[in-house]
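These are the residues of each chain, in order.
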Amino acid sequence: MKLVATSVVRGSQQGESHGGVYLLDLERQRAELKLDWDAVGIDWSGRGGDRGLRGIAFDGDTVYITASDELFAFRPDFSPIGSWRNPYLKHCHETRVYERTLYIASTGFDSIIGFDLDDETFNWAMHVDVQRFRFRGEIYDPQGDDGPLQLNKLHINNVHCNDDGMYLSGLRTGGMVHFNGTTLAMSAELPAGTHNARPFRNGVLFNDSEADRLRYAGRDGKEDRAMAVPKYAQKDLRHAEFDDGHIARQGFARGLAVVSDSVVAGGSSPSTVVVYDLAGNRRLASVNLSMDVRNAIHGLEVWPYD
């Protein structure tokens with residue numbers, strides 16, 4: 001089994017690595033760097049918001065990976081196919097393919113942006129807001145001029161789609177929100193700081209990033225799992241402080257891939273990927289990519305090609 005992961009290095013300076021794309025062989029516990037994200041067009045303002053590659057999705061023999069404000073397409077050997085920009089892509093996070101559309105969580109605009117895989121155009125968008133404690137979704141044209149302001153009120157960082165609808169979540173949504181094509185409603189309340197929430201079995205699978213845990217919560221309350229992410233001795237870690245004085249920390253859980261109905265993989269900082277057996281409540285395998293605590297897993301998916 002292989003996984004593909006993106007990493008982001010927060011606080012990196014020009015001339016330093018700020019992440020990349022890795023192909024992980026969990027059986028051999030090896031990682032191969034496929035892309036080193038060293039684009040000269042990175043926006044260096046702020047503390048990491050625009051750096052690195054994020055969500056990963058697949059369509060046939062095409063690998064799609066998002067950066068902050070651009071969508072990239074690659075062949076399975078990671079040779080480039082093309083890239084697309086849109087004014088409403090900003091601080092993008094996770095992405096998901098459903099039917100013939102690729103959906104991107106555009107965090108800066110509190111939006112989900114749809115990319116038509118056949119026409120290769122951005123053709124759908126929804127802005128999410130909360131009014132009087134109720135979620136409201138407003139559909140807009142991502143090619144037009146009437147979209148939302150860049151406010152990042154909810155910090156929407158994840159989107160997941162299945163036949164039941166679209167599920168989205170963020171740091172300030174309070175949980176996983178369901179969109180049925182018409183209305184938005186809370187599907188499951190989750191802890192603050194959650195990443196990668198998605199329906200799973202009879203409950204919700206997510207990274208409880210504040211608690212340094214990958215968690216599965218059954219809706220009946222009878223089947224809960226909380227898997228602690230790896231921690232390392234402080235003497236083995238590097239670069240604990242950003243240039244602006246903020247302190248990076250290890251154990252930040254982000255990145256999630258479902259292998260089967262009982263086996264899942266999760267990422268954390270410093271960039272580490274672990275495969276967990278939920279039924280046995282144990283770790284099956286792990287790969288560490290870096291001991292720099294600024295270096296964190298972002299996107300994580302099962303590699304479908306070999």
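Structure's up top.
Residues numbered from 1 in each chain as written. Predicted model: local features only at pLDDT ≥ 70, side-chain atom pairs only at ≥ 80, totals over all residues. Heavy atoms only, no water.

Draft legend 1. Local environment of the overall build of the protein chain. A tally of helices and strands in the protein chain yields zero helices and 25 strands. Seen through its C-alpha atoms, the protein chain measures out along the principal axes to roughly 50 × 50 × 40 Å. By residue count, 55% of the 306 residues in the protein chain fall in the buried class. Put simply, 45% of the contacts in the protein chain that link residues at least 6 apart link residues at least 24 apart. Element-wise, carbon and sulfur atoms account for 44% of the exposed surface of the protein chain, whose accessible area totals about 13,600 Å². Each charge sign in the protein chain was given a centre, from 33 positive and 43 negative side chains, and these centres are 7 Å apart. (Helix = DSSP H or I, 4+ residues; strand = E, 2+ residues; numbered from the N terminus. Buried < 20%, exposed > 50% of the residue type's maximum accessible area, 1.4 Å probe, protein only. Contact = heavy atoms within 4.5 Å. Areas by Shrake-Rupley, 256 points an atom, 1.4 Å probe, with all protein chains shown as cover. Lys, Arg positive; Asp, Glu negative; His and termini not counted. Charge placed at Lys NZ, Arg CZ, Asp CG, Glu CD.)

Draft legend 2. Structural view of the sheet that holds strand E8 (residues 92-98). With antiparallel pairing, the five strands of this open sheet are ordered in space as E8-E9-E10-E11-E12. At either margin of the open sheet sits one strand with a lone partner, and together these are E8 and strand E12 (134-140). On average, each strand axis in the sheet is tilted by 20° relative to the strand beside it, whichever way the strands run. As judged from the six bridges shared by strand E9 (residues 101-106) and strand E10 (residues 111-116), these two strands associate in the antiparallel manner. By the bridge assignment for E10, Ala105 is matched with Ile112. (Pairing = 2+ DSSP bridges. Axes fitted to C-alpha atoms, helices over the stretch in contact; angles between N-to-C directions.)

Draft legend 3. Main features of the packing of aromatic side chains. Inspection of the entire model under this criterion finds 14 aromatic pairs. Arranged with centres 6.0 Å apart and planes meeting at 80°, the rings of Phe58 and Trp303 form a pair that is edge-to-face. Placement of the pair is Phe58 in strand E4 (residues 56-59) and Trp303 in the segment after strand E25 (295-302), with a sequence separation of 245 residues. Aromatic side chains Phe72 and Phe74 sit 6.3 Å apart centroid to centroid with 20° between the ring planes, which places their arrangement in the stacked category. (Phe/Tyr/Trp six-rings, centres within 6.5 Å; stacked < 30°, edge-to-face > 60°.)

Draft legend 4. Structural view of the pairing of strand E2 (residues 19-25). Counting buried residues along E2, seven of its seven residues qualify, which places the element largely inside the surrounding structure. Of the pairings in the sheet, the one linking strand E1 (residues 2-9) to E2 comprises seven bridges and is antiparallel in character. What sits directly across from Lys2, in E2, is Asp25. Pairing geometry for E2 and strand E3 (residues 30-36), over six bridges, is antiparallel.

Draft legend 5. Molecular detail of the pattern of salt bridges. For the structure on display, the rule yields 16 salt bridges. Close ionic contact of Arg96 with Glu301 constitutes a salt bridge, the shortest N to O distance being 3.9 Å. Here the residue Arg96 occupies a position in strand E8, and Glu301 occupies one in strand E25, the gap between them amounting to 205 residues. Glu301 gets classed as buried once you look at its relative accessible area, which sits at 13%. Linking Asp212 and Lys231 is a salt bridge whose minimum nitrogen-to-oxygen distance equals 3.1 Å. Residue Asp212 is located in the loop between strand E18 (203-208) and strand E19 (213-218), and its partner Lys231 is located in the loop between strand E20 (224-228) and strand E21 (253-258); the two are separated by 19 residues in the primary sequence. In this structure Lys231 comes out as partly exposed when scored by relative accessible area, which is 48%. What emerges from the salt-bridge pattern is a single network uniting Asp59, Arg100 and Asp118. (Salt bridge = Lys/Arg side-chain N within 4 Å of Asp/Glu carboxyl O.)

Draft legend 6. Structural view of the environment of Phe109. Tracing the backbone through its elements, the reader meets Phe109 in the loop between E9 and E10. A relative accessible area of 8% places Phe109 in the buried class. Excluding anything up to four places from it in sequence, Phe109 contacts Pro87, Tyr88, Leu89, Lys90, His127, Pro148, Leu149 and Gln150.

Draft legend 7. Structural detail: the side chain of Asp59. Within the element layout of this structure, Asp59 appears in strand E4. Look at Asp59 and you get buried, because its relative accessible area is 18%.

Draft legend 8. Structural view of empty space enclosed by the protein. A complete count under the given rule lists one cavity of 30 Å³ or more for this structure. Taken as a whole, the largest cavity spans an internal volume of roughly 90 Å³. Looking at the largest cavity, it is lined by 14 residues, and the ones nearest its centre are Glu94, Arg96, Asn158, Asn196 and Leu256. Looking at the lining of the largest cavity, the elements with two or more residues in it are E8, strand E13 (156-162), strand E17 (194-200), E21 and E25. A per-element tally of the lining of the largest cavity places E25 first, with four residues. (1 Å grid on protein atoms, 1.4 Å probe; cavity = no way out; pocket = protein on both sides within 12 Å on 5 of 7 lines; lining within 4 Å. Points joined across faces, edges and corners; volume = space filled by probe spheres on them.)

Draft legend 9. Structural view of the environment of Phe200. Note on placement: Phe200 falls in strand E17. Exposure remark for Phe200: the relative accessible area of 6% places this residue in the buried category. Each C-alpha atom of the pair Phe200 and Ala217 lies 8.9 Å from the other, and the pair is 17 residues apart in sequence.

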